[in-house]
Amino acid sequence: MDPLLLARLQFATTTSIHFLFVAVTLGLVTLLVGLQTAGYLTGKPVYERLTRFWGQLYVINYVLGIATGIVMEFQFGLNWSGLSRYVGNVFGAPLAIETLVAFFLESTFLGMWIFGWHRLRRGVHLALLWGVAITAYASAFWIMVANAWLQNPVGYEVRDGIAHLTDFGALLTNPTFGMAFGHVISASLVTGGLLMAAVSAWHLLRRTPDYALFRTSLRLGLVTAALAVSMLQGFGFAQFGPVGQLQPTKFGGGPERDALVADWTARFGPGDWEPPVLSNVGLGFMILIGFTLGALWLLLPLLWRDWIIRLKAPLWLILLGLPLPFVAMLLGWIAREVGRQPWAAYGLLPTAQAVSPVSPGLMLTSLIGFSLLLGALAVTNWVLLARHAARGAQDPALGRPPAPDSDAHHQPVFV
């Protein structure tokens, strides 16, 4: 078997699975900030209960998502040593910043938030959650900066066969970055909002005792998803202009593409410089799902006087629509990454030169091992999320008040 194909399959599998964790994390942490801030300002217990319930689901997804991220990072050294060696001085800079933000700041803030219930002042505890959200967005920011550079290398020069960073500001103003970052954030908000709405709809259909609680989260999730889907569509279509100009082989054609292919043939030799058809197929289905999710706006008027709950059919539609944003994200990621082929860094480094000189047997073994590990983490995540979501918000473990007989062991440590 071809080691390059196996390496690409492995990276596609691990990044796709990890990306689903990231989307849920970004979406839920934004909603959590809104819930806890509302609780802090109004003092209503309903918001604290919702924060504890959704916070528990967020923590489960975050912990297992970190594990998938660590597994994914191993691949740069194992399977893509050519990429690390040739462009590591440029590509590694935003990744290093992201590591500091995600694994140090974000995890520190989150740990203090988890164990700070009933130990910290309410304002300090809320500030920690804001810190978690800000660092989560910062983490996504730097990951997209790195990915945008692979889509359109800028701010570098090649010396002694190695790319060196010459203009850090060019990374931040890369034309393939801004709209793509907005697109990812919007997709995460749609995913988090629809997840919140779907879980709430399920509890409302079951007539659980916490009717008022899940009525509130249904409204919040549905409104968030509807607003975000409009942003999602806008950021998505706004990318076609820059992408068509900077990557003529991805979606475009005509003389620009032909001239570019002729230049690559002269520099790198004959080859198939056209991306696989799979990228455009995925793009078409992603756009179709995006328009379908736009129908969430039609459900908003039904929130008036709880018609959406009385009719019940809209609640079932929300439940059935839950997989759509996850499928759309995978298709969009395939369109963005497969459409760049056969380049690891577009027009600079072919994937054939970026892959590690590893035997097919060893590459196949790592593909199977990584896929099984990431698949197990994904299944575990969804089983735990489903189990804790089904238990309802009666008494989540997160933020549970200390027992009366253990007050002496739970004195505030920050006052």
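Residues numbered from 1 in each chain as written. Predicted model: local features only at pLDDT ≥ 70, side-chain atom pairs only at ≥ 80, totals over all residues. Heavy atoms only, no water.

Some thoughts on the layout of surface pockets
What counts is decided by this rule: Here a cavity means grid points, on a 1 Å grid over the protein atoms only, where a 1.4 Å probe fits yet cannot get out; a pocket means an open set of points with protein on both sides within 12 Å along at least five of seven lines; lining residues are those with an atom within 4 Å of a point. Grid points are joined across faces, edges and corners, and a volume is the space filled by probe spheres set on the points. Numbering goes from the N terminus for both helices and strands, where a helix is a DSSP run of H or I of at least four residues and a strand is a run of E of at least two. Each residue gets one of three labels, nonpolar for Ala, Val, Leu, Ile, Met, Phe, Trp, Tyr, Cys and Pro, charged for Asp, Glu, Lys and Arg, and polar for the others, Gly among them.
In this model, the largest pocket occupies a volume close to 1100 Å³. What lines the largest pocket is a set of 47 residues, and nearest its centre among them are Phe 11, Thr 15, His 18, Met 72 and Trp 333. Where the lining of the largest pocket is concerned, the elements lending two or more residues are α1 (3–42), α2 (45–78), α3 (81–115), α4 (122–151), α13 (323–338) and β3 (343–345). Among the elements that take part in the lining of the largest pocket, α1 stands out by supplying 13 residues, more than any other. Taken as a whole, the second largest pocket holds about 300 Å³ of empty space. Along the walls of the second largest pocket sit 15 residues, with Gln 36, Glu 48, Trp 117, Arg 122 and His 125 positioned nearest its centre. Among the residues forming the lining of the second largest pocket, the class breakdown is 4 nonpolar, 7 polar and 4 charged.

Side note on the environment of Phe 76
The following threshold applies: Any pair of residues with heavy atoms lying within 4.5 Å of one another is described as a contacting pair.
Secondary-structure assignment places Phe 76 in helix α2. Put simply, Phe 76 and Pro 301 are 225 residues apart on the chain and 49 Å apart in space, counted from C-alpha to C-alpha. Every residue in contact with Phe 76, bar those within four places of it in the chain, is listed here: Phe 11, Ser 81, Leu 83, Ser 84, Phe 91 and Leu 95.

Notes on unusual backbone geometry
Let me state the cut-off plainly: Accessibility here uses a 1.4 Å probe with only protein chains present; expressed as a share of the type maximum, an area under 20% marks a residue as buried, one over 50% as exposed, and anything in between as partly exposed.
A cis geometry characterises the amide bond from Gln 341 onward to Pro 342, with omega recorded as 5 degrees. Looking at the secondary structure, you find Pro 342 in the loop between α13 and β3. We note that Lys 312 has phi near 70 degrees; this positive angle belongs to a residue other than glycine. Under the relative-accessibility criterion, Lys 312 is labelled partly exposed at 36%.

Focus on the pairing of strand β2 (residues 162–165)
Looking down a regular strand, the side chains alternate between one sheet face and the other. Basically, it comes down to this: Criterion used throughout: strands pair if DSSP finds at least two bridges between them.
Examined bridge by bridge, strand β1 (residues 156–159) and β2 share 4 bridges and lie antiparallel to one another. Each bridged residue has a counterpart across the sheet, and for Tyr 156 the counterpart in β2 is Leu 165.

Structural notes on the packing of α4 against helix α6 (residues 178–205)
Working note: a packed helix pair is described by the angle between its axes plus the distance between those axes. Our working definition: A fitted line through C-alpha atoms represents every axis, and for helices the fit uses only the stretch in contact; the resulting angles, taken between N-to-C directions, go from 0 to 180 degrees. Here roughly perpendicular refers to angles of 65 to 115 degrees, roughly parallel to angles under 35, roughly antiparallel to angles over 145, and oblique to all remaining angles. For any pair of crossing helices, the crossing counts as left-handed if the nearer helix is rotated counterclockwise from the farther one by less than a right angle, and right-handed if it is rotated clockwise.
Across the interface, α4 lies against α6 with an axial gap of 10 Å and an inter-helix angle of 140 degrees. Classified by the interaxial angle, the pair formed by α4 and α6 is oblique. You can see that α4 and α6 cross each other, and the crossing is right-handed. Of the residues in α6, those touching α4 at Tyr 137, Ala 140, Phe 141 and Met 144 are Ala 180, Phe 181, Val 184, Ile 185 and Leu 189. Of the residues that constitute the contact of α4 with α6, the class distribution is 9 nonpolar, no polar and no charged.

Some words on the pattern of salt bridges
The line we're drawing: In what follows, salt bridge is the name for a side-chain nitrogen of Lys or Arg lying within 4 Å of a carboxyl oxygen of Asp or Glu.
Scanning all chains against the criterion turns up 10 salt bridges. Across the salt bridge formed by Arg 52 and Asp 395, the nearest N and O atoms sit 3.1 Å from each other. Of the two residues, Arg 52 is situated in helix α2 and Asp 395 in the segment after α15 (360–391); the sequence distance between them amounts to 343 residues. For Arg 52, a relative accessible area of 9% translates into the label buried. Judged by relative accessible area, which is 41%, Asp 395 ranks as partly exposed. Each of Arg 52, Asp 395 and Arg 400 takes part in salt bridges that share partners, so that together they form one network.

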